[in-house]
Amino acid sequence: GESVGLHLPTLSVQEGDNSIINCAYSNSASDYFIWYKQESGKGPQFIIDIRSNMDKRQGQRVTVLLNKTVKHLSLQIAATQPGDSAVYFCAENHGSGNTGKLIFGQGTTLQVKP
Amino acid sequence: DTEVTQTPKHLVMGMTNKKSLKCEQHMGHRAMYWYKQKAKKPPELMFVYSYEKLSINESVPSRFSPECPNSSLLNLHLHALQPEDSALYLCASSQDPAEKLFFGSGTQLSVL
């Protein structure tokens, strides 16, 4: 089964509100996590990453939180805009060491209402 | 140049055809990847090349044959595919394995 998953398949938010997209993982040995955004007809686009020695990392309008105790990852998007509408995937570097084996969760579709 | 370029963007092939998907990056990345993505599903890892050597093969059928001619190029040779192989094929690269991946826009493949 999937080792990385998201809690909700679809999230609908009002423009200007904050969005929170959640992800659970099961492999305690995973030490690197990435959030990707995928728009229709395009490949996944890197948003932000975090390593297991951190619990929070901020970018422009985005924040990733990592809770290793409960194996939970979240992506927060501030002041959500229509251009944020897309499918969001969390991805986990599967296993220890530099294996290059990045496994994706199921994805959450973010819909932004004007 | 911060792009991963994939060609062709669309491909229709019959089950007896032989075709190749191509991927190119000029970021100096030493790891390159093939992923397969079905509609409304996450990308699934197929192959990883690290420093031009195949390091991961996720039990992919032999009708898919990867090739890495040099550090900038990655090919996926297709032969005798099945209709269920129809999907978006994504190429990606990273500075080295376990770093963040940069994806191309993919090749949308239809097998008739």
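Residues numbered from 1 in each chain as written. Chains lettered and ligands numbered in written order. Predicted model: local features only at pLDDT ≥ 70, side-chain atom pairs only at ≥ 80, totals over all residues. Heavy atoms only, no water.

When its secondary structure is counted, chain B shows 0 helices and 11 strands. Reading the helices (α) and strands (β) of chain B from amino to carboxyl end gives β-β-β-β-β-β-β-β-β-β-β. Expected size for 112 residues packed as a compact globule is a radius of gyration near 13 Å; at 13 Å, chain B falls within 12% of this value. With respect to the three principal axes, the spread of C-alpha positions in chain B is 35 × 25 × 25 Å. (Helix = DSSP H or I, 4+ residues; strand = E, 2+ residues; numbered from the N terminus. Rg over C-alpha atoms; globule rule 2.2 N^0.38 Å.)

This part covers the confidence of the model for chain B. The predicted model of chain B has a mean per-residue pLDDT of 94, with 98% of residues at 70 or higher. Across chain B, element-level confidence peaks in strand β8 (residues 73–79) of chain B with a mean pLDDT of 98 and bottoms out in strand β6 (residues 53–57) of chain B with 92. (pLDDT = per-residue confidence, 0-100.)

The final tally for this structure, using the stated rule, is 2 disulfides over all chains. Shown here is the disulfide that connects cysteine 23 of chain A with cysteine 90 of chain A, its sulfur atoms set 1.8 Å apart. Of note, the bridge from cysteine 23 of chain A to cysteine 90 of chain A carries an S-S torsion of about 55 degrees and is right-handed in sense. Here the residue cysteine 23 of chain A occupies a position in strand β3 (residues 19–25), and cysteine 90 of chain A occupies one in strand β9 (residues 86–93), the gap between them amounting to 67 residues. Comparing cysteine 23 of chain A with cysteine 90 of chain A shows no difference in burial state: the two are buried. The disulfide partner of cysteine 23 of chain B is cysteine 91 of chain B, and the S-S distance across this bridge is 1.9 Å. (Disulfide = S-S within 2.5 Å. Buried < 20%, exposed > 50% of the residue type's maximum accessible area, 1.4 Å probe, protein only.)

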